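Below are the chains, spelled out letter by letter.
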Amino acid sequence: MDIRSLRYFVTTVQLNSFTQAAESMYVTQSTISKMVRQLEEEVGEALLIRQGRKLVLTDAGRIVFERGQEMLNSMRLLNTELQDTKALQRGHLTVGIPPMINLLFTPVLKAFRERHPDIALTLREDTGQVIERLVATGELELGMTVSPVDPSLDLQSKEVAKFPIWAVAKPDTFRRNAATIKLSNLASMPLVLLKDEFALTRALRQVFQQHGLEPVIAAQSGQWDWLVSMASAGVGVALLPEPFIHRLNGVEVAAVRVVEPEINWRLAHIWNGRYLSHAARAWVELCETMLPGHWL
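In this report, the structure presented in the accompanying data block is examined. (Residues numbered from 1 in each chain as written. Predicted model: local features only at pLDDT ≥ 70, side-chain atom pairs only at ≥ 80, totals over all residues. Heavy atoms only, no water.)

## Some points on the overall build of the protein
What counts, and what does not: A run of H or I in DSSP becomes a helix once it reaches four residues, and a run of E becomes a strand once it reaches two; helices and strands are each numbered from the N terminus. When a residue's accessible area, from a 1.4 Å probe over protein chains only, is under 20% of the maximum for its type it is buried; when over 50% it is exposed; and in between it is partly exposed. For this analysis, residues touch if any pair of their heavy atoms sits within 4.5 Å. Each accessible area value is a Shrake-Rupley result obtained with a 1.4 Å probe; residue values ignore everything except the protein chains displayed when judging cover. Note on charges: Lys and Arg go in the positive column, Asp and Glu in the negative column, and His and the chain ends are not counted at all. Charge positions are represented by NZ for Lys, CZ for Arg, CG for Asp and CD for Glu.
When you go through the protein residue by residue, the secondary structure sums to 12 helices and 12 strands. Expressed as a percentage of the 296 residues in the protein, the buried residues total 46%. The contacts of the protein with a sequence gap of at least 6 include a subset with a gap of at least 24, amounting to 76%. Accessible surface computed for the protein: about 15,500 Å², of which carbon and sulfur atoms make up 49%. Charged side chains of the protein number 31 positive and 32 negative; the gap between the two group centres comes to 3 Å.

## Description of the pairing of strand β3 (residues 91–97)
Put simply, the test is: Any two strands between which DSSP finds at least two bridges are classified as paired.
In this structure, β3 lies alongside strand β4 (residues 119–125), joined through 7 bridges in parallel fashion. The residue bridging Ile-97 from the neighbouring strand is Glu-125, located in β4.

## What about unusual backbone geometry?
Excluding glycine, most residues fall at negative phi; most peptide bonds, likewise, are trans. For the bond from Ser-147 to Pro-148, the omega torsion is 5°, close enough to zero to count as cis. By secondary structure assignment, the location of Pro-148 is in the loop between β5 (142–146) and β6 (156–169). Cis peptide bonds are those with omega within 30 degrees of zero, and the linkage from Glu-260 to Pro-261 qualifies with 0°. Mapped onto the fold, Pro-261 is located in the loop between β11 (254–259) and β12 (264–271). Notably, Asn-177 is not glycine yet its phi reads approximately 65°, a positive angle. Here Asn-177 shows up in the loop between β6 and β7 (180–182). Despite not being glycine, Glu-260 shows a phi value in the positive range, around 50°. You can see Glu-260 is positioned in the loop between β11 and β12. With a relative accessible area of 55%, Glu-260 lands in the exposed category.

## Focus: the packing of helix α1 (residues 3–15) against helix α3 (residues 29–43)
Quick reminder of the rule: Each axis is a line fitted through C-alpha atoms, and for a helix only the stretch in contact is used; angles between axes span 0 to 180 degrees, taken between their N-to-C directions. The labels follow the angle: roughly parallel below 35 degrees, roughly antiparallel above 145, roughly perpendicular from 65 to 115, and oblique for the rest. If you view the pair so one helix is near and one far, a crossing is left-handed when the near helix is turned anticlockwise from the far one by less than a right angle, and right-handed when it is turned clockwise. Charged residues are taken to be Asp, Glu, Lys and Arg, nonpolar residues to be Ala, Val, Leu, Ile, Met, Phe, Trp, Tyr, Cys and Pro, and polar residues to be all remaining types, Gly included.
Two numbers describe how α1 lies on α3: the axes approach to 8 Å, and their chain directions differ by 110°. The pairing of α1 with α3 is recorded here as roughly perpendicular in orientation. Along this stretch, α1 crosses α3, giving a crossing that reads as left-handed. Contacts between α1 and α3 involve Arg-4, Ser-5, Leu-6, Tyr-8, Phe-9 and Thr-12 from the former and Thr-31, Ile-32, Met-35, Val-36, Gln-38 and Leu-39 from the latter. Looking at the contact of α1 with α3 residue by residue, the class counts come to 7 nonpolar, 4 polar and 1 charged.

## Re the packing of aromatic side chains
Using the following cut-off: In this scheme Phe, Tyr and Trp rings, the latter by its six-membered ring, pair at centre separations within 6.5 Å, and the angle between planes marks the pair as stacked below 30 degrees, edge-to-face above 60, and tilted otherwise.
All chains considered together, the criterion is met by 5 aromatic pairs. Summarising the aromatic geometry, the rings of Phe-105 and Trp-283 are spaced 5.9 Å apart at their centres and angled 15° between planes, so their arrangement reads as stacked. In this pair, Phe-105 is assigned in the loop between α5 (99–102) and α6 (106–115) and Trp-283 in helix α12 (residues 278–289), connecting sequence segments 178 residues apart. With relative accessibility at 1%, the residue Phe-105 sits in the buried group. Each member of the aromatic cluster is reached from another via a ring pair, and the members are Phe-163, Trp-224, Phe-244 and Trp-265.

## What about the pattern of salt bridges?
This is how the line gets drawn: Put simply, a salt bridge is a Lys or Arg side-chain nitrogen that is within 4 Å of an Asp or Glu carboxyl oxygen.
Counted under the stated rule, the structure contains 10 salt bridges. Here Lys-158 and Glu-288 are joined by a salt bridge, their closest N and O atoms 2.8 Å apart. Taken together, the residues Lys-158 in strand β6 and Glu-288 in helix α12 connect sequence positions 130 residues apart. What makes Glu-288 partly exposed here is its relative accessible area of 33%.

## Let's talk about the nonpolar core
Side chains of a nonpolar character, in soluble globular proteins, are inclined to be buried together. Selection criterion: Nonpolar core, defined: a set of buried Ala, Val, Leu, Ile, Met, Phe, Trp, Tyr and Cys residues in which side-chain atoms within 4.5 Å join the residues together.
One finds Leu-239, Leu-240, Trp-265 and Trp-283 to be the most contacted residues of the largest nonpolar core, which totals 69 residues. Top element by residues in this core is β6. It accounts for 8 residues. Apart from residues no more than four positions distant in its own chain, Leu-239 is found in contact with Ile-165, Trp-166, Ala-167, Leu-186, Leu-191, Val-192, Leu-193, Leu-200, Leu-204, Phe-208 and Val-258. Judged by nonpolar contacts, the second largest core, of 19 residues, contains Tyr-8, Ala-21, Met-35 and Val-64.

See the structure below:
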């Protein structure tokens with residue numbers, strides 16, 4: 001069985017789209033279709049059935065998909081272990097990091113390159129929930145997200161930092177001279193949050209739900225600075241981790257810390273538990289030793 005055909009087939013099923021699979025693998029859609037047909041010819045029966053815009057697996061397709069994922073993960077693991085025989089002398093490490101978290105890692109990135117100049121380090125940016133899925137499937141060896149991690153995924157996690165959440169709004173929104181605000185009071189205010197794909201928003205929604213509160217969401221964005229702009233314009237209250245509060249110089253807003261309960265932005269490394277290379281372990285250890293004033 002051709003491993004490339006198998007990889008194209010698995011990606012198509014994961015994305016439920018020939019078009020998206022082609023885009024993600026930088027090939028044409030006709031190439032994806034040809035490879036899937038070739039795989040079906042090798043198996044001797046259909047693997048996928050189109051139902052409108054959806055792709056449905058046949059019984060044979062389900063077996064090939066499940067076992068195919070295992071085979072591709074084994075191939076990735078084999079390549080990682082072979083590269084790892086040279087330890088930290090050479091190799092490549094890709095770390096998945098959400099856009100908001102990456103601002104904190106500039107010192108770590110600089111130190112890692114200085115200590116391990118022969119390791120090619122790549123930071124892959126995506127939302128925390130996407131990073132979790134990529135690590136769970138083995139496409140990424142190591143990633144960062146915001147706890148709590150999706151319990152349905154088979155992931156190992158280790159929290160490395162936490163920062164309190166602050167509420168940001170236009171001046172005079174909060175009580176005069178207030179330094180804090182209760183979560184229950186926020187529930188009655190319109191909020192501007194990051195999009196639902198962000199792990200921070202998932203964590204905030206869970207906290208509201210745990211306390212029997214339903215947040216009123218006025219708007220959502222994929223950019224934290226746009227949240228601040230909307231907050232300063234009076235669209236709603238933005239909920240942001242403390243490191244971003246220090247970046248509000250020159251912006252006309254009021255900021256208070258959320259309490260009762262205090263909500264923390266909890267950052268965690270995640271991996272799939274099957275293998276962690278020397279380069280990945282070196283990255284984790286470096287993260288745990290730097291910026292002691294902010295890290296757990």
